[in-house]
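Structural features, examined
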Amino acid sequence: MTGPHILVIDDEPQILRALRTILSAHKYRVTIAQTGEEGLALAAAEHPDIIILDLGLPDMDGITVCAHLREWTEIPIIILSVRNQEQDKVKALDKGADDYLVKPFGIEELLARIRVALRHLAKSQGDHETVITSGPIEIDLARHIVTLDGAEVKLTATEFKLLAYLASHTGRVLTHQNILSNVWGPEYLENVEYLRVFMSQLRKKLETDPKQPRYLLSEPGVGYRFVTED
Amino acid sequence: MTSSSSKHWLIAKLRNFILAFSVISVTTLILFLLRERFSASTVALLYLVPVLICTTFWGFWPGILSAFIAFLAYNFFFLLPYYTFIVHQTQDIIALVIFLGVAVLISQLVGRAKASLAMAVARESETTRLYEFSLGLAGVNDLDEIAGVIAHKTFDTMQPDRLVLRIKPTNLESPITIALPLEDVSAGKPDLVIPLETVRTFLGDLSLWLDRGRLAPSEERVLSTLAAQGALALERAALERAETRARVLEESDRLKSSLLSSVSHEFRTPLATIKASTTSLLSDQIPWESRDRKELLSVVDEETDYLNYLVGNLLDMSRIEAGALKPNRQWNILSEIVEGVITRMHRVLREYRLEVDIPEQLPLVPVDYIQMEQVFTNLLHNSAKYAPAGSTIQVSARRQDGDSLMVMVKNEGPQVAPDHLERIFDKFYRVTEPEKVSGTGLGLSICKGVIEAHGGRIWAKNLPNGFAFIFKLPLTWEGAPPPVVEEERL
């Protein structure tokens, strides 16, 4: 009995060698593709549970692969990128990627992202939760109530809307533009300052140490992410 | 020569002759009315006045014409017998001949004086133009500008229908073509092509289209002087540029080899540690205790982080060098950036006490989040590198003069000699010996690059009990002050 099936699309043999060994040891079934073309074919043929996709492929760029995949499947996609590719990361996320990791990354980080993606997959196939819990935070989406260690926290309308939007995509990186257009409206795409200020207010109300947030995380140059504790 | 211009010329000449004729006619009329009062010899003298006027105003040939007409009129109206060209008296014949001689002589003398005056004026204006030209070229070092000066000055001086200046391309420069007047694109064979060349090289040429077909000798002289001076200026500029380029290349070569040696030295150290740890772990000779195994692996982990930091700095440096460091500004919360960096660097900073003093009410700052992260990362790395373990590193920020932000990263590290303070932001500059303290010497120069790209300034300062990096950033963005996001009521 093997675990979930992961398709890794990357062209560097050493990374593939390491990932295959590590992921197999964690009981994942691993398939490997070294080009975008091959990756798209394998994704269609084998229907993996998760795709790990490198942005720099020899035949086409990862963003294009992402866009092609999203034409027919909702399989979670985790992007691997190198530094100085913030614009590319944002583009990939906008094209439907679920998450990204910057090389070099710690393997715990990758495993955590894989778990989040799998949970997200299970959730999207089942019923939508109306109550989301992360550590001491409990968000009741239907009743518009947020509690911290059982005590109700007063949030303004926008604060709640922002938290609810992040929480309903738990674990996923949401780009600034994505959040702004969904919470404030499409005409606010450039007003990142709203997001900064309201995130900071949310952290003050919900995080034990707002300076070292554990649930409402910044993704520098890209966006924000709400995480639940594993 | 075009027909219209030769017609003009003819009309002008004809006008002069007609005017000369008229003056003599009027003089004759006046003298005729006064014939009884003057003797014939006085009349002859009086006739010299209009001849003089004609020569002075309308030139030599109209002067000669006036002399002849005056001669005939004098004979006809004032010498007996009147109204014939017959002369009876011998003395009258002598007077007539002398009159003609004197009139012609006057015409000649005056005409020659006028011509030499005109030539002197022309020479003077020629000299002035050449002076202006060399003055125009003197302050200019740019090839395009020099070409512009040559083309425009030649155009102004020669007044051609059209002018085209071509500078041939070299291995360093692209070709330049200037056509005047700008809108005129009509081609055809030029009337005149002057090469722009010096003893050493041929640089290009100057083509002229002239309505008058050819140039006067004086104009040709001016043109060849313009061309020669222009060519010299062009050559000087080209040589200067080639020299600058050679110097820049040499400097960049020197920097590159310095970078390579610095980087290879820098990478070897963590690589050596990693290699030692992993080969130990791979070896079957020692059954490692789990505590030791963990220690070795932590070393490997930390060293890879450090390698990654070095590579990041190299990438940033190459972007700064390529001029690609354009900040992607947004209104950001400074403390969020600083706290993020501190969290990420917890391993590097674990032996230090960290104090962050950023006031709550500090306005939003217009910066590139990622680049500012890099600035703080490098400043904190530097502080951790030099300050003794267990000491305090402080990050503080204040609004200053209303529209700027002052940030200070303070550590308890050793002081830096005053004459080094400026230079620590230079590339590859390290105060201590390369062997003593690790680092590529890139970190601080990246900070400088980023801060300056944000329109700010960074400097370092010795403190009574330590050392501080200070930078100042504008709080306005394209003239706009920090936005205030309204608080929402519950």
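Only a predicted model underlies this, so the values are computations on that prediction, with no experimental measurement involved.

**Examining the nonpolar core**
By size, the foremost hydrophobic cluster in this structure holds 45 residues, and its most contacted members are L334(B), M372(B), F376(B), L379(B), L380(B), L405(B) and F471(B). Those elements that place two or more of their residues in this core are α8 (334-344), β7 (365-367), α10 (369-386), β8 (392-400), β9 (404-411), α11 (443-453), β10 (457-463) and β11 (466-474) of chain B. Broken down by element, this core gets its largest block of residues, 7 residues, from α10(B). Residues contacting M372(B), with those up to four places away along its chain left out, are I337(B), V367(B), V450(B), I451(B), H454(B), F471(B) and L473(B). Counting 33 residues, the second largest nonpolar core, distinct from the first, contains I139(A), L162(A), W331(B) and L364(B).

**Describing the interface of chain B and chain A**
The interface is formed by 28 residues belonging to chain B together with 29 residues belonging to chain A. Both faces considered, chain B and chain A share a buried interface measuring about 2200 Å² in area, 53% of it formed by carbon and sulfur atoms. When the area that chain B buries against chain A is broken down by residue, the three leading residues are I370(B), V485(B) and E488(B), summing to 25%. Put simply, chain B and chain A have 3 salt bridges between them. Salt-bridge contacts for E336(B) lead to R196(A); the nearest nitrogen and oxygen are separated by 3.8 Å. In this assembly, chain B and chain A are joined by 7 residue pairs in polar contact (both at pLDDT 80 or more). Broken down by secondary-structure element, the contributors of at least two residues to the side of chain B that touches chain A are α7 (290-321), β5 (330-332), α8 and α10 of chain B.

**What about the pairing of strand β3 (residues 192-197) of chain B?**
Along any regular strand the residues' side chains alternate between the sheet's two faces. Note that β3(B) and strand β4 (residues 202-209) of chain B share 6 bridges and pair antiparallel. In the strand pairing of β4(B), E197(B) is matched with F202(B).

**Some details on the pairing of strand β2 (residues 29-33) of chain A**
Residue and element names in this part refer to chain A. Counting buried residues in β2 gives 4 out of 5 residues, a clear majority hidden from the surface. Relative to β2, strand β1 (residues 5-9) is paired through 5 bridges, and the arrangement is parallel. Residue pairing in the sheet places V8 in a bridge with I32 of β2. Taken together, β1, helix α1 (residues 13-25) and β2 form a β-α-β motif whose crossover is right-handed.

**Considerations on the sheet that holds strand β11 (residues 216-219) of chain A**
Two modes of strand pairing occur in sheets, parallel and antiparallel, and in both the strands are linked by backbone hydrogen bonds. Residues and elements named next belong to chain A. With antiparallel pairing, 3 strands are arranged side by side in an open sheet as β10-β12-β11. This sheet does not close on itself; its edge strands, each paired only once, are β10 (173-175) and β11. Strand-to-strand twist of the sheet, defined as the mean angle between neighbouring strand axes without regard to direction, takes the value 30°. As defined by bridge partners, β10 adjoins strand β12 (residues 223-226) across 3 bridges and the pair is classed as antiparallel. In the strand pairing of β12, V173 is matched with R225.

**Focus: helix α4 (residues 86-94) of chain A**
Residues of α4(A) that are buried include every one of E86(A), K89(A), V90(A), A92(A) and L93(A), and no others. Viewed along the axis of α4(A), the buried residues span an arc of 165°, placing them on a single side of the element. For α4(A), the elements touching its buried residues are α3 (62-70), β4 (77-81), β5 (99-102) and β10 of chain A together with α10 of chain B. Count one or two residues on from α4(A) and you reach G96(A), which has phi positive near 110°.

**Looking at the side chain of T147(A)**
Positionally, T147(A) belongs in strand β8 (residues 145-148). When near neighbours in sequence (up to four residues on either side) are disregarded, T147(A) contacts P136(A), I137(A), E138(A), E152(A) and V153(A).

**Quick word on the side chain of R113(A)**
All names here are of chain A. Within the secondary structure, R113 is located in helix α5 (residues 107-125). There is a polar contact of 3.1 Å between the side chain of R113 and the side chain of D99. Beyond its immediate chain neighbours, meaning those up to four positions away, R113 contacts I78, D99, Y100, L101 and R225.

**Brief notes about the sheet that holds β4(B)**
Residue and element names in this part refer to chain B. With respect to topology, 4 strands assemble into an open sheet ordered β2-β1-β4-β3, the strand pairing being antiparallel. Here the strands that pair on one side only, and so sit at the sheet edges, are β2 (176-180) and β3. Ignoring strand direction, the axes of neighbouring strands in this sheet form an average angle of 15°. Against the sheet, helix α5 (residues 143-158) makes contact with β1 (162-167), β2 and β4, and its axis sits at roughly 25° relative to β2, the strand it touches most. The strands touched by helix α6 (residues 217-282) within the sheet are β1, β3 and β4, with β3 carrying the most contacts at an inclination of about 35°.

**Details of the pattern of salt bridges**
Scanning the model with the defined rule gives 27 salt bridges over all chains in all. The partner of E12(A) in a salt bridge is K103(A), with the nearest N and O atoms 3.3 Å apart. Of the two residues, E12(A) is situated in the loop between β1 and α1 and K103(A) in the loop between β5 and α5; the sequence distance between them amounts to 91 residues. Overall, K103(A) belongs to the buried group, its relative accessible area being 12%. Close ionic contact of D142(B) with R241(B) constitutes a salt bridge, the shortest N to O distance being 3.0 Å. Placement of D142(B) in the loop between α4 (90-138) and α5 and of R241(B) in helix α6 is noted, with a sequence separation of 99 residues between them. Under the relative-accessibility criterion, R241(B) is labelled partly exposed at 29%. In the salt-bridge network here, residues are joined through shared partners; they are D99(A), E109(A), R113(A), E219(A) and R225(A).

**Here we look at the confidence of the model for chain B**
On average, chain B scores 84 in pLDDT, and the residues at 70 or more come to 94%. For residues 433-437 of chain B, every residue scores under 50 in pLDDT, and the model assigns this stretch 5 contacts once sequence neighbours within four places are set aside.

**Quick word on a nonpolar patch on the surface**
Residue and element names in this part refer to chain B. On the surface, V49, I53 and F57 cluster together into a nonpolar patch covering about 280 Å² of accessible area. On the secondary structure map, F57 appears in helix α2 (residues 40-58). Residue classification places F57 among the exposed positions, given a relative accessible area of 57%.

**Here we look at the packing of helix α7 (residues 176-184) of chain A against helix α8 (residues 192-206) of chain A**
All names here are of chain A. Here α7 crosses α8 at 85°, and the two axes come no closer than 10 Å. Of the possible angle classes, the one that applies to α7 and α8 is roughly perpendicular. Contacts between α7 and α8 pair H176, I179, L180 and W184 from the former with V192, Y194, L195, R196 and F198 from the latter. For the contact of α7 with α8, a count of residues per class yields 7 nonpolar, 1 polar and 1 charged.

Procedures and definitions
Residues numbered from 1 in each chain as written. Chains lettered and ligands numbered in written order. Predicted model: local features only at pLDDT ≥ 70, side-chain atom pairs only at ≥ 80, totals over all residues. Heavy atoms only, no water. Core = buried A, V, L, I, M, F, W, Y, C linked by side-chain atoms within 4.5 Å. Buried < 20%, exposed > 50% of the residue type's maximum accessible area, 1.4 Å probe, protein only. Helix = DSSP H or I, 4+ residues; strand = E, 2+ residues; numbered from the N terminus. Contact = heavy atoms within 4.5 Å. Buried area = accessible area lost by both parts, 1.4 Å probe. Salt bridge = Lys/Arg side-chain N within 4 Å of Asp/Glu carboxyl O. Polar contact = N/O pair within 3.5 Å; in protein donor to acceptor, adjacent residues only side chain to side chain. Pairing = 2+ DSSP bridges. Right-handed = clockwise from strand over helix to strand, strands pointing away. Axes fitted to C-alpha atoms, helices over the stretch in contact; angles between N-to-C directions. Arc of directions from axis to C-beta. pLDDT = per-residue confidence, 0-100. Patch = residues over 30% accessible without salt bridge, like charges linked within 9 Å, V, L, I, M, F, W, Y side chains within 5 Å. Areas by Shrake-Rupley, 256 points an atom, 1.4 Å probe, with all protein chains shown as cover. Parallel < 35°, antiparallel > 145°, perpendicular 65-115°, else oblique. Nonpolar A, V, L, I, M, F, W, Y, C, P; charged D, E, K, R; others polar.

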